[in-house]
Amino acid sequence: MSRFLSPEALRLDPYTPGEQPRDQQYIKLNTNESPFPPSPRVLEALSRTEAEKLYLYSDPTCAALNAAIAKRYGLDPGNVISGNGSDEILAFAFRAFCGEGKLVAFADITYGFYEAQAALFGLEAKRVPLREDFSLNVEDYLDFPGAVVIANPNAPTGMAVPVSDIRRLLERDPDRVVIVDEAYVDFGAESCAPLVREYENLLVTQTMSKSRSLAGGRVGFALGSAELIAGLNRVKYSFNPYNVNRLSLLAGAAAVEDEDYFQSCCRTIQKTRAWTTAALEKQGFTVLPSSANFVFAKSDRIPGGELYRKLKENGVLVRWFSKDRIRDFCRITIGSREQMEALAEQIDRLLAGR
Ligand SMILES: *Cc1c(COP(=O)(O)O)cnc(C)c1O
């Protein structure tokens, strides 16, 4: 390791993003992007006139974007903070609410970025095993003396936790922050967003990367009590005050205002998910019950790593994690119907050739 690195940098555990190939034309089902373009309203908002204003800094308060988000979720702008993707918001939250004497817990199988951020901020994280069937047992967290982070639905399993479980966690200890990462909630899980008015210790993070087709725009946000949002702003203004760029502020607001387009994209993904699940099950796969825009599937006939590699050789990218408990599985993003038909065809061919 480089002699230039600080001890803190040496202790990092960087997240490995899914491949973003530039060379070859893949059917890309590996990073849970939307198969649909952004709303036409987003394209209208990104005019040449706006691009010409890039010589000026963006609004550090993200006022217009936060107002649009607040309106959509029936909250006040003081309940909203926007970020450069929700990964940034999660980082603000880990820094704001976890540290010396402030512990953090999350599941053993969940979004890998929590682990990376715990290392970045030198946090001692408790990893709580999911049940054998990958469901989350809220009882395991009730008496944990610190912040709890729950991805709902979870990644990479796609499985959702009932809101009643989150309520129990919030009520058990009002001094504990519960962070619910709802990156995939729009694809069929119940959101905790309305609970923000009831619980001062609830922070809900969401992203426009998946359900609003803006992965490349990098827009995420959190909903929470004014007190929690002030805590996040304290970190933001210590790190990057102009965290959302001018064009993304416009794109995010336009995306959140186009409710019809958003609903129609989410419905289409849900239908395609049902089709894909049925197709995989017909091919003998076990598919976990997904409330997200991906499925987590395994087959007794082909190991996860081999399926990933063979599909890649044939132009289809999915995600495989070489990790205990889940290395038999592949995570497959729900793309367009045509893309999923092509995937099913490739899998048929691979299995027939064995
Ligand atoms: C994709 C994802 C995010 C954040 O994505 P951004 O693009 O940074 O907004 C957060 N949590 C989970 C579980 C995700 O899968």
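Before any of the text, the structure's been laid out above.
Residues numbered from 1 in each chain as written. Predicted model: local features only at pLDDT ≥ 70, side-chain atom pairs only at ≥ 80, totals over all residues. Heavy atoms only, no water.

Per the secondary structure count, the protein includes 13 helices and twelve strands. In summary, the protein has a C-alpha radius of gyration of 20 Å against a globular reference of 20 Å for 354 residues, a match within 12%. Each of the three principal axes of the protein carries a C-alpha extent, and together these read 60 × 50 × 50 Å. With 354 residues in all, the protein has 53% of them scored as buried. Here the contacts in the protein between residues at least 6 apart in sequence split such that 73% fall between residues at least 24 apart. As displayed, the protein offers around 16700 Å² of accessible surface, 50% of which is attributable to carbon and sulfur atoms. (Helix = DSSP H or I, 4+ residues; strand = E, 2+ residues; numbered from the N terminus. Rg over C-alpha atoms; globule rule 2.2 N^0.38 Å. Buried < 20%, exposed > 50% of the residue type's maximum accessible area, 1.4 Å probe, protein only. Contact = heavy atoms within 4.5 Å. Areas by Shrake-Rupley, 256 points an atom, 1.4 Å probe, with all protein chains shown as cover.)

Pairing is mixed across the open sheet formed by seven strands, whose spatial order is E2-E8-E7-E6-E5-E3-E4. Lying at the two open borders of the sheet, with one neighbouring strand each, are strand E2 (80-83) and strand E4 (125-128). Going across the sheet, the axis of each strand differs from the next one's by a mean of 20°, ignoring polarity. For E2 and strand E8 (residues 220-224), the ladder comprises four bridges, and the chain directions are antiparallel. Bridge assignment links Ser82 to a residue of E8, and that residue is Phe221. (Pairing = 2+ DSSP bridges. Axes fitted to C-alpha atoms, helices over the stretch in contact; angles between N-to-C directions.)

Close contacts around the ligand come from Gly85, Ser86, Asp87, Tyr111, Asp181, Ala183, Tyr184, Thr207, Ser209, Lys210 and Arg218, and that covers them all. Between Tyr184 and the ligand, the recorded distance is 2.5 Å, taken from a side-chain N or O atom to an oxygen atom. Between the ligand and Arg218 there is a distance of 2.7 Å, counted from an oxygen atom to a side-chain nitrogen or oxygen. Bound to the protein, the ligand loses 93% of the 380 Å² it would expose on its own. Here the residues of the shell around the ligand sort into three nonpolar, four polar and four charged. (Near = heavy atom within 4 Å. Polar contact = N/O pair within 3.5 Å; in protein donor to acceptor, adjacent residues only side chain to side chain. Nonpolar A, V, L, I, M, F, W, Y, C, P; charged D, E, K, R; others polar.)

Attention now goes to unusual backbone geometry. The omega angle of the peptide bond from Asn152 to Pro153 is -5°, so this bond is cis rather than trans. Summarising the element assignment, Pro153 is placed in the loop between strand E5 (146-151) and helix H8 (163-172). That bond from Ala155 to Pro156 is cis: its omega, 5°, falls within 30 degrees of zero. Its identity as a non-glycine residue notwithstanding, Cys62 has a phi of 50°, on the positive side. Considering the arrangement of structural elements, one finds Cys62 in the loop between helix H3 (48-51) and helix H4 (63-73). Cys62 sits in the buried class, given a relative accessible area of 2%. Positive phi, normally seen in glycine, also occurs at Phe134, with a value near 75°. By relative accessible area, Phe134 is classed as buried at 8%.

This part is about the environment of Ser238. Mapped onto the secondary structure, Ser238 falls in helix H9 (residues 226-239). Exposure remark for Ser238: the relative accessible area of 63% places this residue in the exposed category. With ten residues separating them in the primary sequence, Ser238 and Ser248 have C-alpha atoms 21 Å apart.

Below, the discussion takes up the environment of Tyr55. Topologically, Tyr55 is positioned in the loop between H3 and H4. A sequence separation of 191 residues divides Tyr55 from Arg246, and the C-alpha atoms of the two residues are 9.9 Å apart.

Hydrogen bonding along the main chain pairs the strands of a sheet, whether they run parallel or antiparallel. Spatially, three strands are ordered E9-E10-E12 in an open sheet, and the strand pairing comes out antiparallel. Lying at the two open borders of the sheet, with one neighbouring strand each, are strand E9 (286-287) and strand E12 (329-333). Pairing analysis gives two bridges linking E9 to strand E10 (residues 294-298), with the strands arranged antiparallel. Along E10, the bridge assignment pairs Val287 with Ala297. Its contacts with the sheet put helix H11 (residues 259-282) on E9, E10 and E12, and the angle it makes with E10 is roughly 5°.

With five of five residues buried, E12 is to be regarded as a mostly interior element. With burial as the criterion, each face of E12 is covered, one bearing Phe329, Arg331 and Thr333 and the other bearing Cys330 and Ile332. Sheet topology note: the E10/E12 ladder contains five bridges and is antiparallel. The residue bridging Phe294 from the neighbouring strand is Thr333, located in E12.

Once the charged atoms of two side chains with opposite charge are near each other, the side chains can pair. Enumeration according to the criterion identifies 13 salt bridges in this entry. Ionic pairing is found between Arg48 and Glu52, a salt bridge with its closest N-O pair at 3.3 Å. Take Arg48: its relative accessible area is 68%, and that puts it in the exposed class. A salt bridge links Lys53 to Glu50; the shortest N-O distance between them is 3.2 Å. (Salt bridge = Lys/Arg side-chain N within 4 Å of Asp/Glu carboxyl O.)

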